[in-house]
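# Residue-level structural notes
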Amino acid sequence: MIHHRLVIAIVVVVFAASPLRSRAESSAVQNCTWCHGGSAQGYAPAPRLAGQRYLYLESQLADFRSHARDNPFSRQYMWGATASLNAQTIRDLAMYFSTLRPKAADDGDNRLVSLGRTIYQKGMPDSNIVACVVCHGPTAEGISQIPRLGGLAYSYLRRRLEQWDVAAGPPMPDISSKLSPDQIDALASYLSFIK
């Protein structure tokens, strides 16, 4: 009986002292939840952060803070939200959100999923567009500083695909400028359903 209580006490102490638990309760994380939600699944127009790539989150937060990421939503929402963050807090936030379990938004148009899957997996050779899978991975999980796209909300993905011509580095401006509105809808729909 004493051994059992000791194990429970150790588990409670370890959990209570866990860096992730303290990060979840930090004022920086709580500030993020106003737009990104308590489980980081996002409220429109804010993206889902749960399961996003650590290096991507870290670089984006730093870019918001330095105003290197300059578009209307960045200026309106993120410049102020990141103004007081230091490098360590940025790393902590990126680590915390990257460890949360992502969920699919499941809000795209089911009728467009097949076309979206084809564009994602095979690209569009006739338009000289490489398959998205090359950079974003087989399940759209992202790689290193390349973001996770799988499970993001349809409206967020559609807006980003429409804005990438001015808000991202190569190769996205070249790719997004060649996508028709119907292809953007299909790709955003497909990605929204990826678990």
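Residues numbered from 1 in each chain as written. Predicted model: local features only at pLDDT ≥ 70, side-chain atom pairs only at ≥ 80, totals over all residues. Heavy atoms only, no water.

### A few points about the overall build of the protein
Within the protein, the secondary structure is distributed over eleven helices and zero strands. When the elements of the protein are put in sequence order from the N terminus, they spell out α-α-α-α-α-α-α-α-α-α-α. Among the 195 residues that make up the protein, the fraction classed as buried is 42%. Counting contacts in the protein only where the partners sit at least 6 residues apart, residues at least 24 apart contribute 65% of the total. (Helix = DSSP H or I, 4+ residues; strand = E, 2+ residues; numbered from the N terminus. Buried < 20%, exposed > 50% of the residue type's maximum accessible area, 1.4 Å probe, protein only. Contact = heavy atoms within 4.5 Å.)

### Structural notes on the confidence of the model for the protein
Do not read the predicted coordinates in detail wherever pLDDT is low. Per-residue pLDDT for the protein averages 87, and the proportion of residues at 70 or more is 85%. Helix H1 (residues 2–17) is the least confidently modelled element of the protein, averaging 39 in pLDDT, while helix H7 (residues 113–122) averages 98, the highest of any element. Taken together, the stretch residues 1–18 has pLDDT below 50 and engages in two contacts with residues farther than four places along the chain or on a different chain. (pLDDT = per-residue confidence, 0-100.)

### Regarding the packing of H7 against helix H11 (residues 181–192)
Two elements in contact, H7 and H11, have axes whose closest approach is 7 Å; the angle formed by their N-to-C orientations is 90°. The orientation of H7 relative to H11 falls into the category roughly perpendicular. For the pair H7 and H11, contact is made by Val113, Leu115, Gly116, Arg117, Ile119, Tyr120 and Gln121 and by Gln183, Ala186, Leu187, Ser189, Tyr190 and Leu191, respectively. Split by residue class, the contact of H7 with H11 holds eight nonpolar, four polar and one charged. (Axes fitted to C-alpha atoms, helices over the stretch in contact; angles between N-to-C directions. Parallel < 35°, antiparallel > 145°, perpendicular 65-115°, else oblique. Nonpolar A, V, L, I, M, F, W, Y, C, P; charged D, E, K, R; others polar.)

### Details of the pattern of salt bridges
Under the defined criterion, the tally for this structure stands at five salt bridges. We note a salt bridge from Asp70 to Arg75, for which the minimum N-O separation is 2.2 Å. Residue Lys178 pairs with Asp174 through a salt bridge whose shortest N-O separation is 3.4 Å. Accessibility expressed as a relative area gives 31% for Lys178, which makes it partly exposed. (Salt bridge = Lys/Arg side-chain N within 4 Å of Asp/Glu carboxyl O.)

### Points about helix H4 (residues 54–66)
The terminal C-alpha atoms of H4 lie 18 Å apart, and with 13 residues this matches the ideal 18 Å at 1.5 Å per residue to within 8%. When H4 is considered as a whole, its buried residues turn out to be Tyr56, Leu57, Ser59, Gln60, Leu61 and Phe64. Each element contacted by the buried residues of H4 is listed here: helix H5 (72–82) and helix H6 (87–99). After H4 finishes, the residue His67 shows a positive phi value of roughly 70°. (Expected span 1.5 Å × (residues − 1).)

### Overview of the layout of surface pockets
A probe as big as a water molecule, rolled over the atoms, marks out the empty space that is left. Of the volumes computed, that of the largest pocket is approximately 780 Å³. Residue lining of the largest pocket: 41 residues in total, with His36, Pro47, Leu49, Phe64 and Met78 positioned closest to the centre. Looking at the lining of the largest pocket, the elements that each hand over two or more residues are helix H3 (27–36), H4, H5, H6 and helix H9 (154–167). Tallied by class, residues from the lining of the largest pocket come to 27 nonpolar, nine polar and five charged. (1 Å grid on protein atoms, 1.4 Å probe; cavity = no way out; pocket = protein on both sides within 12 Å on 5 of 7 lines; lining within 4 Å. Points joined across faces, edges and corners; volume = space filled by probe spheres on them.)

### Quick notes on the nonpolar core
Ranked by size, the top nonpolar core spans 25 residues in total, and within it Tyr120, Leu149, Leu161, Leu179, Leu187 and Leu191 carry the most contacts. Looking at this core, the elements that each hand over two or more residues are H7, H9, helix H10 (172–177) and H11. Tyr120 has contacts with Ala131, Cys132, Val133, His136, Gly137, Pro138, Ala140, Leu187, Tyr190 and Leu191, leaving out every residue within four places of it along the chain. Counting residues in hydrophobic clusters, the runner-up holds 17 residues, among them Ala50, Met78, Tyr96 and Leu100. (Core = buried A, V, L, I, M, F, W, Y, C linked by side-chain atoms within 4.5 Å.)

### Side note on empty space enclosed by the protein
All chains considered together, the criterion is met by one cavity of 30 Å³ or more. The volume enclosed by the largest cavity comes to roughly 40 Å³. Every residue along the wall of the largest cavity is listed here: Gln41, Arg48, Ala50, Pro102, Lys103, Arg148, Gly150, Gly151 and Leu152. Residues of the lining of the largest cavity, tallied by class, amount to three nonpolar, three polar and three charged.

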